[in-house]
Amino acid sequence: MLNPRQRLRPRLPLLGDAPAFRQDLLAALARGRFEQGDVARYRLGPVEVYGVSSPEVAERVLTDSDTFGKLGPDNPLRLALGDGLLTRSDHESWLRNRRMVAPIYHRRRVEAMYTTMQECVEEMLARWDAELAPGAVIDLHTQLMHVTLDIVSRCMFSTPMISADSALRPESVEYAVTYTFLRLQNPAAPPTWVPTPANRRFGTIIGGLDDLMATMITERRQELAAGLPGKEDLLDMLMQATDADTGDRMSDTELRDEIITTLAAGHETTAITLTWAFYLLSINPGWRRRVIEEVDTVLGGRPPTVADLPRLPLIGQVFDEALRMFPSSPTVPRQTRKPVRLGPYDIEVGSRILIDVHGLHRNRRHWPDPDVFDPLRFSPEGRAGRSRWAHLPFGGGPHLCVGKQFALQEAQLLLASILGRYDVRHHPGYPVDDRATITLRPRHGLHVVLHPRIAPARLTPALPKVA
Ligand code: HEM
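Let us look at the structure shown here. Because the structure is predicted, anything quoted here is derived from the model rather than measured.

1. Here's the deal with the pattern of salt bridges
Item 1. Here the structure, examined in full by the defined rule, presents 33 salt bridges.
Item 2. The salt bridge partner of Asp252 is Arg221, with a shortest N-O separation of 2.6 Å. Separated by 31 residues along the polypeptide, Asp252 in helix 12 (residues 252-265) and Arg221 in helix 10 (residues 197-225) bring together distant segments of the chain.
Item 3. When salt bridges with common partners are traced through the structure, they connect Arg220, Glu223, Lys231, Asp233 and Asp236 into a single cluster.

2. Brief notes about the state of the cysteines
Item 1. Considering all chains together, one arrives at zero disulfides under this definition.
Item 2. Cys120 carries a free sulfur, and the closest cysteine sulfur to it, the one in Cys155, is 6.7 Å from it.

3. Examining helix 10
Item 1. Between its terminal C-alpha atoms helix 10 stretches 42 Å, which fits the 42 Å expected from 29 residues at 1.5 Å a residue.
Item 2. Gly227, located one to two residues past helix 10, shows a positive phi value of around 80 degrees.

4. A few points about the site of the ligand
Item 1. Close contacts around the ligand come from 27 residues, with Trp94, Arg98, Arg334, His399 and Cys401 the closest.
Item 2. Within the backbone of Leu85, one N or O atom sits 3.4 Å away from an oxygen atom of the ligand.
Item 3. The side chain of Arg334 places a nitrogen or oxygen atom 2.8 Å from an oxygen atom of the ligand.
Item 4. Elements supplying a minimum of two residues to the shell around the ligand: helix 5 (91-101), helix 12, helix 13 (268-283), strand 5 (331-336) and helix 18 (404-421).
Item 5. When the residues that make up the shell around the ligand are grouped by side-chain class, the tally is 13 nonpolar, eleven polar and three charged.

5. Section: the packing of aromatic side chains
Item 1. One pass over the structure, following the stated rule, counts ten aromatic pairs.
Item 2. Seen in terms of ring centroids, Tyr50 and Tyr345 are 5.5 Å apart; in terms of plane orientation they differ by 55 degrees. Their pairing is tilted. Taken together, the residues Tyr50 in strand 2 (residues 47-52) and Tyr345 in strand 7 (residues 345-347) connect sequence positions 295 residues apart. An identical accessibility class is assigned to Tyr50 and Tyr345; each is buried.
Item 3. Between the aromatic rings of Tyr179 and Phe202, the centroid separation amounts to 4.1 Å while the plane-to-plane angle is 10 degrees, which identifies the pairing as stacked. Of this pair, Tyr179 sits in helix 9 (residues 170-185) while Phe202 sits in helix 10, and the two are 23 residues apart along the sequence. Each of the two residues, Tyr179 as well as Phe202, counts as buried.
Item 4. Aromatic ring contacts, followed pair by pair, group Tyr175, Tyr179 and Phe202 into a single cluster.
Item 5. Sitting over the face of the ring of Trp367, Arg324 holds its NZ or CZ atom 5.3 Å from the ring centroid.
Item 6. Its guanidinium or amino end placed over the ring of Phe378, Arg386 lies 5.1 Å from that ring's centre, counting from NZ or CZ.

6. With respect to the sheet that holds strand 8 (residues 352-356)
Item 1. Taken together, five strands build an open sheet; the order of strands is 1-2-8-5-3 and the sheet is mixed. Here the strands that pair on one side only, and so sit at the sheet edges, are strand 1 (39-44) and strand 3 (68-69).
Item 2. Note: strand 2 against strand 8, four bridges, orientation parallel. The residue of strand 8 that forms the bridge with Tyr50 is Ile353.
Item 3. In this fold helix 2 (residues 25-36) packs onto strand 1, strand 5 and strand 8, with an angle of close to 130 degrees to the strand it touches most, strand 1.
Item 4. Where helix 3 (residues 55-63) meets the sheet, it contacts strand 1, strand 2, strand 3, strand 5 and strand 8, and its direction lies at approximately 130 degrees from that of strand 8.

Criteria and cut-off values
- Residues numbered from 1 in each chain as written.
- Predicted model: local features only at pLDDT ≥ 70, side-chain atom pairs only at ≥ 80, totals over all residues.
- Heavy atoms only, no water.
- Salt bridge = Lys/Arg side-chain N within 4 Å of Asp/Glu carboxyl O.
- Helix = DSSP H or I, 4+ residues; strand = E, 2+ residues; numbered from the N terminus.
- Disulfide = S-S within 2.5 Å.
- Expected span 1.5 Å × (residues − 1).
- Near = heavy atom within 4 Å.
- Polar contact = N/O pair within 3.5 Å; in protein donor to acceptor, adjacent residues only side chain to side chain.
- Nonpolar A, V, L, I, M, F, W, Y, C, P; charged D, E, K, R; others polar.
- Phe/Tyr/Trp six-rings, centres within 6.5 Å; stacked < 30°, edge-to-face > 60°.
- Buried < 20%, exposed > 50% of the residue type's maximum accessible area, 1.4 Å probe, protein only.
- Lys NZ or Arg CZ within 6 Å of the ring centre and 35° of its normal.
- Pairing = 2+ DSSP bridges.
- Contact = heavy atoms within 4.5 Å.
- Axes fitted to C-alpha atoms, helices over the stretch in contact; angles between N-to-C directions.

Shown next, in the form of structure tokens:
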């Protein structure tokens, strides 16, 4: 959020709220909420934007797809993601692909990916054990960005994909997402063919990813044609998914777009929320103690199995509360397909609606003391009587995040594994700041001091004594 000593840029005659949105999206939305209430009107140059921060109106927007559609074909995110589920604007073809992709993320199939997820986590922890002295300071956010990309790409291709010379690296994906977001905020950005440094870098990143995806898809098709056994990973499942009406499978272009969408949508969001969860536990020592107690009681120093996760309710509640306070998708956009009235406004076709998820999660009518970290808001008693539309980190309605189960399983595994093995505390010498782009990143990462909680000897089986 905005530094309190800094002033939010004023509305300007031609540009409207665009300078304030670019300076600090969350502060600009907060100003709108304060001045106008649950439905607030903004202007970004010639484009009208309406912010929605009440559960009732959010439910209406997210469930009425005839009136509120995804952004149109000019959505800059499509430059990176193509026509994957997240960016497809045509409802009919989106529905066809959603029906093909959704079964891949059913609970049973996500549970089958647990072993791959755990391999990635254990490799990261083994690196820490080997390379970090007690009391070492690391940027935890960078580590989490790496491990979450490792997880989703290994679940996709069954092989480690990230390396310094690979086209797939957390910083490349992060750059591509930020680039497209800045274009969304700035309708006057130079066209993509102008050889600005930003356009050139984006072009190189996307070109590299396209080549890599084409190679992976071609190799897999060849393996299948040669009668080699399937790998039962996400790529196999996407290739085998069939349209229930026609029996058709996805084309190579559709596969490329769904793979890139999964890699982009499926790693940074989880990494960011985990980073905030560790930060919140770090500044709330009472909660940190309770969570560690839960982890130690259930796991006693061993890595968590998939069957352990339901026995770690507080871990899940911490993640839900981190998603409330710092939703990694702080806004969810829509575009009006019909004229409509929202709050006091008659809204024209083609206007942009932003579900102001961050504002909604701090709405005092639904969240007492919204700035206080309290995971018990998500215990069964804490949830009772609260609208399901008051907590929208994964969106809602037909476009509800298809990877929600994947994200929750991965997050619980990471939180329990790290907290069981390491004492993690924010280093006060490094500032922490949120920066809202498409996701709500900690601007300077999260520097933490790490102390191993378990001597490595307890983790490895004892060697037989030599007489
Ligand atoms: C904490 C982690 C995550 C958060 C906060 C999150 C958030 C969201 C949100 C808010 C949406 C709705 C967008 C809209 O309505 O326009 C969404 C959609 C989507 N998410 Fe996630 N997501 C997360 C993890 C994942 C993971 C792990 C995957 C894949 C493995 C994934 C894949 C997708 C896809 C493909 C869509 C588009 C769904 C559709 O429109 O049919 N997400 N996500």
